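# Architecture at a glance
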Amino acid sequence: VQVVSSGWGFGSVSVLSGCAIIVRGQPRGGPPPERQINLSNVRAGALARRATQNQPETKDTPDEPWAFQAREFLRKKMIGKEVCFTVEIKTQQGREYGMVYLGKDSSGENIAESLVAEGLATVRREGIRGTNPEQARLCDLEDQAKAAKKGIWSEGGGAHTIRDLKYSIENPRNFVDSLHQKPVNAIIEHVRDGSVVRALLLPDYYLVTVMLSGVKCPSFKRESDGTETPEPFAAEAKFFTESRLLQRDVQIILESCPNQVILGTILHPNGNITELLLKEGFARCVDWSMAVYTQGAEKLRAAERSAKERKVRIWKDYVAPTANLDQKDRQFVAKVMQVVNADAIVVKLNSGEYKTIHLSSIRPPRIEGENKDKDKRFRPLYDIPYMFEAREFLRKKLIGKKVNVTVDYIRAATTAAETGPVPAFPERTCATVTIGGINIAEALVSKGLATVIRYRQDDDQRSSHYDELLAAEARAIKNGKGLHSKKEVPIHRVADISGETQKAKQFLPFLQRAGRSEAVVEYVFSGSRLKLYMPKETCLITFLLAGIECPRGSRNIPGGVPEPFSEEATLFTKELVLQREVEVEVESMDKAGNFIGWLHIEGVNLSVALVENSLSKVHFTAERSAYYKTLQSAEEVARQRKDKIWANYEEKPTEEVAQVSEEKERVANYRPVYVTEITDGLHFYTQDVETGAQLENLMETMRAEIAAQPPVEGSFTPHRGDYCIAKFADGEWYRARVEKVESPAKVHVFYIDYGNREMVSSVRLAALPPAFSTRNLPPQAIEYTFAFIQVPQDEDARADAVDCVVRDIQNTQCLLNVEYGGATCPHVTLLFSDSKDDVGQGLVKEGLVMVDVRKEKHLQKMVTEYLNSQESAKSARLNIWRYGDFRADDADEFGYRR
């Protein structure tokens, strides 16, 4: 307080009662000191007092008549105004009595006189020494008020002026709910700290403690000895609220009442204190009560953000989570290339770089508490409830689209040691991703396809739209969406038939007949090898692009050195088709159970696109397809450009001529082979007669060694792809390869030197001794199929043909000549070693198979011979021709194609 030499002082005011006020000086670098002034020579009624807590003998005392009206008269006149005062007497106890005037000097209104004139205070007449003009004036004013029957002097004793004060509310939650968030008039009676006040609700005189919704200021910690320790900025925050609200008329919206604490927002004509506290750095946002704030949570976050950016008060040492990022790395537009699980995406930046972005503050669906490793076939995408729906929602909305990314924070990498049972994570960039103004994380949460992560109050690493996420989650829970639904969890039974040869065989005719089928590309192994999800059939297949030869990556080549441009081809295919909806035409399958065919995306044939971009060459198998001309012309253009795989291409016209002349000649280079096995698909395995002796020697030595040191039963654990030895039905051991392990009792093996397959128990398997490995002698059984022949699709017809071949050539010596290559194995002609008759042509003659008409010039002579044999079978109506030439109208029905 500024005290002038004459004993004057002035400052701002709060009113304790009708005859006592508190004045405060001007703040300088902190809250200013206070001083209580009691008005000389007048007395107003005493206000109600609450019984002292924990002292049962004390009782509540009510208002004296007209006491509250006197207090109110002064409050309305003086709060927030400048006053000056003189101190006339100071008692031994330190109480100060004096005069108080409105304004800067004693020419202003004398407060005591106004009170007396209104009949709200009485004048003390006894014990006054001498006559003093102020005293005489007060007595005159009192006499006039008495005559006019004002206030205290009115008839009836003033019982109606006594408030029915309610210090507590029986059921605060019902009380708050009954107000339906309508503003209530109130007077702020006390400020406990910057964000907690005591308010008198009008007109019913409830005294309630109200905590501001959505924020918390530094407070005064009560120690065990009863003293209070202020947290940093607690006193400043309290003064900030006090100087603006104490004893002001306000409106309060009571918003909620968790655990008997009333949360509300105080509205004052000059603004909203909640926002101001945040903006000035006196308070921080609080998540748990932010949800009930009715005036727009985003305004509070914005106010807090501005204080953080300016580093004011409680934020003086604040460092933003993205402080060390450039602006261009904080906010950018990027194209979505892939959706990973349900909370992360891979985007392509303008620079061409790929970046994984995690959606801030959300958690994808997960299985609680179960050990997923028990079942090695656990597939999170299909086995975690709602994971597939979440992934599909993101995939359909985002793949190939441009999105806005705002980085909220970077989660540092964790090590396994830090996280205990939780696996270690690499560093994560967490961001808010929007498309067309929609926050993707919020959309996911509102559909119940993700949940919101809860944080420690001081953890700033969270979404910049955290409150909207919480609100979206509350809506999803209320409406029982997705994860919060009480309905049965959707189950996705997805069969993975990639590499399952048997299943693939059964599935092939179905896909062939379907023509174009819908699919989603789940994974890209290389430029021409993909994993597809077939939504109608709910299965996964491995799909190879037909008609092209694409550079192979390291995993497909022994020795592991990738071919040039294999990575570029993989990237090209990924960018074009990964996680997109495509159409596929399946033509055939290879021996490993992979389907071969054509893939179309938005009218583009992927095989053609790879050839056009000089990332693949045309394979001769394309000649029979409808796309051959397109592929050829694309290759021609690419070759002229001389880039990528054609960079070192030199046209060699001279050789070309030689080649053409060479091509005219069919090379007949028959060699003796021994046929060991014939498959149901009319393929067969042969051993080379020339190396037969080597195999016999190897077998003898190997069996002798095994006899000398028999393997320990059950010591070998089979894995797919392992070479081993297996005990065949004849009690002898043979070299084999494990093709599939269903269980220890059911292991599928392929005998590599004979071509037959069998399902055995693992006790009939043992490790292959190193001396007899495939390095020392390669597998002796080589797979072939007949040239110039179409394998019948009809099962009965195929079985007839297979039976005939088994009868004629299994376990016999024949002569073999390779005619042309094929997708899975070479196509050959076989001759009986004695009569030199052509085995395949014999099948055609018998009417057991149809001719596959090849277009190559050098094969035309053979094709003609085969066609003549077909005509003779047709005339004689043998076997498949027994009903005449069925091919014209209903070939497909019978499973034959022309």
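Residues numbered from 1 in each chain as written. Predicted model: local features only at pLDDT ≥ 70, side-chain atom pairs only at ≥ 80, totals over all residues. Heavy atoms only, no water.

## Some details on the overall build of the chain
Here is the rule: Counting from the N terminus, the helices are DSSP H or I runs at least four residues long and the strands are E runs at least two residues long. Atoms counted for the radius of gyration: C-alpha only. Globule rule: 2.2 Å times the number of residues to the power 0.38. To sort residues, take the accessible area from a 1.4 Å probe on protein chains only and compare it with the maximum for the residue type: under 20% means buried, over 50% means exposed, and anything in between is partly exposed. All accessible-area figures derive from a Shrake-Rupley calculation using a 1.4 Å probe, and residue coverage is judged against the displayed protein chains alone.
Helix and strand content of the chain: 24 helices and 47 strands. The C-alpha radius of gyration of the chain comes to 46 Å, more than 25% above the 29 Å expected for a compact globule of 898 residues. With respect to the three principal axes, the spread of C-alpha positions in the chain is 155 × 65 × 50 Å. When each of the 898 residues of the chain is scored for burial, the buried share is 45%. For the chain, the accessible surface area stands at approximately 47,000 Å², while carbon and sulfur atoms represent 50% of it.

## Digging into the UniProt feature "domain: Tudor" (unreviewed entry) in the chain
Selection criterion: UniProt positions are given in the numbering used here, feature names are shortened, and annotations may be inferred rather than shown by experiment.
Per the UniProt record, the feature "domain: Tudor" (unreviewed entry) sits at residues 717-775. As a span, residues 717-775 carries 0% helix and 49% strand, and end to end its C-alpha atoms are 22 Å apart.

## Details of the sheet that holds strand β42 (residues 765-767)
Put simply, the test is: Here a strand pair is declared whenever DSSP counts at least two bridges between the two strands. Lines are fitted to the C-alpha atoms to define the axes, a helix being fitted only along its stretch in contact, and any angle between axes, read from their N-to-C directions, falls within 0 to 180 degrees.
Pairing is antiparallel across the open sheet formed by five strands, whose spatial order is β41-β40-β39-β38-β42. Across the chains shown, the open sheet's two edge strands, defined by having one partner strand only, are β41 (757-760) and β42. Ignoring which end each strand starts from, the neighbouring axes of this sheet average 45° apart. By the bridge criterion, four bridges tie strand β40 (residues 746-751) to β41 in an arrangement that is antiparallel. In the strand pairing of β41, Val747 is matched with Val760.

## Focus on a negative patch on the surface
We apply this condition: Residues enter patches when their relative accessible area tops 30% and they take part in no salt bridge; the joining distance is 9 Å for like charges and 5 Å for the nonpolar side chains Val, Leu, Ile, Met, Phe, Trp and Tyr. Think of a salt bridge as a Lys or Arg side-chain nitrogen and an Asp or Glu carboxyl oxygen that are within 4 Å of each other. For this count, His and the chain ends are skipped, Lys and Arg are scored as positive, and Asp and Glu as negative. One atom stands in for each charge, and that atom is NZ of Lys, CZ of Arg, CG of Asp or CD of Glu.
On the surface, a cluster of negative charge is made up of Asp794, Glu795, Asp796, Asp800 and Asp803. Examined against the element boundaries, Asp796 turns out to sit in helix α21 (residues 795-809).

## Describing empty space enclosed by the protein
Picture a little ball the size of a water molecule; that probe, rolled over the atoms, points out where space is still empty. Here is the rule: Lining residues are those with an atom within 4 Å of a point, where the points come from a 1 Å grid over the protein atoms alone and group into cavities, where a 1.4 Å probe fits but cannot get out, or pockets, open sets with protein on both sides within 12 Å along at least five of seven lines. Grid points are joined across faces, edges and corners, and a volume is the space filled by probe spheres set on the points. Three categories are distinguished: nonpolar for Ala, Val, Leu, Ile, Met, Phe, Trp, Tyr, Cys and Pro, charged for Asp, Glu, Lys and Arg, and polar for the others, with Gly belonging to the last.
Counted under the stated rule, the structure contains two cavities of 30 Å³ or more. Empty space within the largest cavity amounts to approximately 40 Å³. For the largest cavity, the full set of lining residues is Phe620, Thr621, Glu623, Arg624, Arg854, Lys855 and Glu856. By residue class, the composition of the lining of the largest cavity is one nonpolar, one polar and five charged.

## Regarding a positive patch on the surface
A contiguous patch of positive charge, built from Lys397, Lys401, Lys447, Arg475 and Lys481, is present on the exposed surface. Taking relative accessible area as the criterion, Lys397 reaches 32% and is therefore assigned partly exposed.

## Remarks on the pairing of strand β23 (residues 402-411)
Pairing geometry for strand β19 (residues 331-340) and β23, over five bridges, is antiparallel. By the bridge assignment for β23, Phe332 is matched with Val405. Pairing between β23 and strand β24 (residues 428-435): seven bridges, direction antiparallel. In the sheet register, Tyr409 faces β24, and the bridge partner there is Cys430.

## Some thoughts on the pairing of strand β16 (residues 262-268)
With six of seven residues buried, β16 lies mostly within the body of the structure. Two elements, strand β11 (residues 206-212) and β16, share three bridges in a ladder whose sense is parallel. Looking at β16, one finds that Val210 is bridged to Ile262. As defined by bridge partners, strand β15 (residues 249-256) adjoins β16 across five bridges and the pair is classed as antiparallel. Each bridged residue has a counterpart across the sheet, and for Ile253 the counterpart in β16 is Thr265. Examined bridge by bridge, β16 and strand β17 (residues 271-272) share two bridges and lie antiparallel to one another. Considered in β17, the bridge of His268 is made with Gly271. The hairpin formed by β16 and β17 contains two residues between the paired strands.

## Brief notes about the packing of aromatic side chains
Rules: Under the pairing criterion, centres of Phe, Tyr and Trp rings, with the six-membered ring standing for Trp, must be within 6.5 Å; the plane angle then separates stacked pairs below 30 degrees from edge-to-face pairs above 60, leaving the rest tilted. Any Lys NZ or Arg CZ found within 6 Å of a ring centre and within 35 degrees of that ring's normal is scored as a charge over the ring.
One pass over the structure, following the stated rule, counts 21 aromatic pairs. Taking 5.6 Å as the distance between ring centres and 65° as the angle between the ring planes, the aromatic pair formed by Phe388 and Tyr533 counts as edge-to-face. Note that Phe388 is positioned in helix α11 (residues 387-398) and Tyr533 in strand β29 (residues 529-534), a separation of 145 residues in sequence. Comparing Phe388 with Tyr533 shows no difference in burial state: the two are buried. Grouped by ring-pair contacts, the aromatic residues Phe728, Tyr734, Tyr751 and Tyr754 constitute a single cluster. For Lys166, the ring lying beneath its charged end belongs to Tyr206, and the centroid distance is 5.0 Å.

## Observations regarding the side chain of Ser219
Basically, it comes down to this: By the convention used here, residues are in contact when the closest approach between their heavy atoms is within 4.5 Å.
Secondary-structure assignment places Ser219 in the loop between β12 (215-216) and β13 (220-222). Setting aside chain neighbours within four positions, we find Ser219 in contact with Asp193, Thr229, Pro230, Glu231 and Ala234.

## Regarding the UniProt feature "domain: TNase-like" (unreviewed entry) in the chain
Per the UniProt record, the feature "domain: TNase-like" (unreviewed entry) sits at residues 15-155, 182-317, 330-486 and 515-648. The span residues 182-317 shows a helical share of 27% and a strand share of 37%, and its end C-alpha atoms are spaced 39 Å apart.

## Side note on the pattern of salt bridges
Once the charged atoms of two side chains with opposite charge are near each other, the side chains can pair. Under the defined criterion, the tally for this structure stands at 47 salt bridges. Here Asp287 makes a salt bridge to Arg301, at a shortest N to O gap of 2.8 Å. In this pair, Asp287 sits in helix α7 (residues 287-290) while Arg301 sits in helix α8 (residues 297-310), placing the two residues 14 residues apart along the sequence. Each member of the pair, Asp287 as well as Arg301, carries the same accessibility label: buried. It is possible to trace a salt-bridge network through shared partners that takes in Arg71, Glu72, Arg75, Glu189 and Asp249.

## Notes on helix α16 (residues 566-577)
What sets the pattern is the α-helix's 3.6 residues per turn: residues three or four places apart point alike. The test is simple: The span you would expect from a helix comes to 1.5 Å times its residue count less one. The directions from the helix axis to the C-beta atoms are what the arc is built from.
The end-to-end C-alpha distance of α16 is 17 Å, a good match for the 16 Å that twelve residues give at a rise of 1.5 Å each. Here α16 has its buried residues at Ser566, Ala569, Thr570, Thr573 and Val577. One side of α16 holds all its buried residues, which, seen down the axis, span an arc of 100°. At its buried positions, α16 is contacted by β28 (516-526), β29, β32 (581-589), β33 (595-601) and α17 (606-612).

## Some points on the sheet that holds strand β43 (residues 782-786)
Sheet strands pair by backbone hydrogen bonding; their relative direction is either parallel or antiparallel. The five strands are arranged β36-β37-β43-β46-β45 in a closed barrel whose pairing can be described as mixed. Recorded for the sheet is a direction-independent mean angle of 60° between the axes of neighbouring strands. Judged from the two bridges that link them, β43 and strand β46 (residues 827-832) form a sheet pairing that is parallel. In the sheet register, Thr785 faces β46, and the bridge partner there is His827. α21 rests against β36 (671-678), β43, β45 (813-820) and β46 of the sheet, and its axis sits at about 130° to β36.

## Looking at the nonpolar core
What counts here: Put simply, buried Ala, Val, Leu, Ile, Met, Phe, Trp, Tyr and Cys residues joined by side-chain atoms within 4.5 Å make one nonpolar core.
Judged by nonpolar contacts, the single largest core of 51 residues is most densely connected at Ile345, Ile357, Ile362, Leu398 and Leu444. Considering each element in turn, this core owes the most residues, six residues, to α11.

## Describing the environment of Pro718
Along the chain, Pro718 falls in the loop between α20 (692-708) and β38 (723-727). Of the residues examined, Pro718 reaches a relative accessible area of 10% and is grouped as buried. As a C-alpha pair, Pro718 and Arg737 span 19 residues in sequence and 9.5 Å in three-dimensional space. When residues no more than four places from it in sequence are discounted, the contact partners of Pro718 are Val738, Val741, Val747, Ser762 and Leu765.

## Here we look at unusual backbone geometry
For the bond from Leu202 to Pro203, the omega torsion is 0°, close enough to zero to count as cis. Structurally, Pro203 can be placed in the loop between β10 (196-201) and β11. Of note in this structure, Lys149 is not a glycine but carries a positive phi near 55°. Structurally, Lys149 is set in the loop between α3 (133-147) and α4 (172-178). At Ser614, a residue that is not glycine, the phi angle is positive and equals roughly 55°.

## Looking at the side chain of Arg462
For clarity, the threshold we go by: As used in this structure description, the phrase polar contact means that two N or O atoms lie within 3.5 Å; if the pair is within protein, one of them must be able to donate a hydrogen and the other to accept it, and residues adjacent in sequence are counted only when both atoms belong to side chains.
With respect to the element layout, Arg462 can be found in the loop between β26 (451-452) and α14 (466-478). Classification of Arg462 as buried rests on a relative accessible area of 9%. At 2.6 Å, the side chain of Arg462 forms a polar contact with the side chain of Asp287. At 3.3 Å, the side chain of Arg462 and the backbone oxygen of Arg456 are in polar contact. Residues within four places of Arg462 in sequence aside, it is in contact with Asp287, Arg301, Ser361, Asp408, Tyr409, Tyr455, Arg456 and Gln457.

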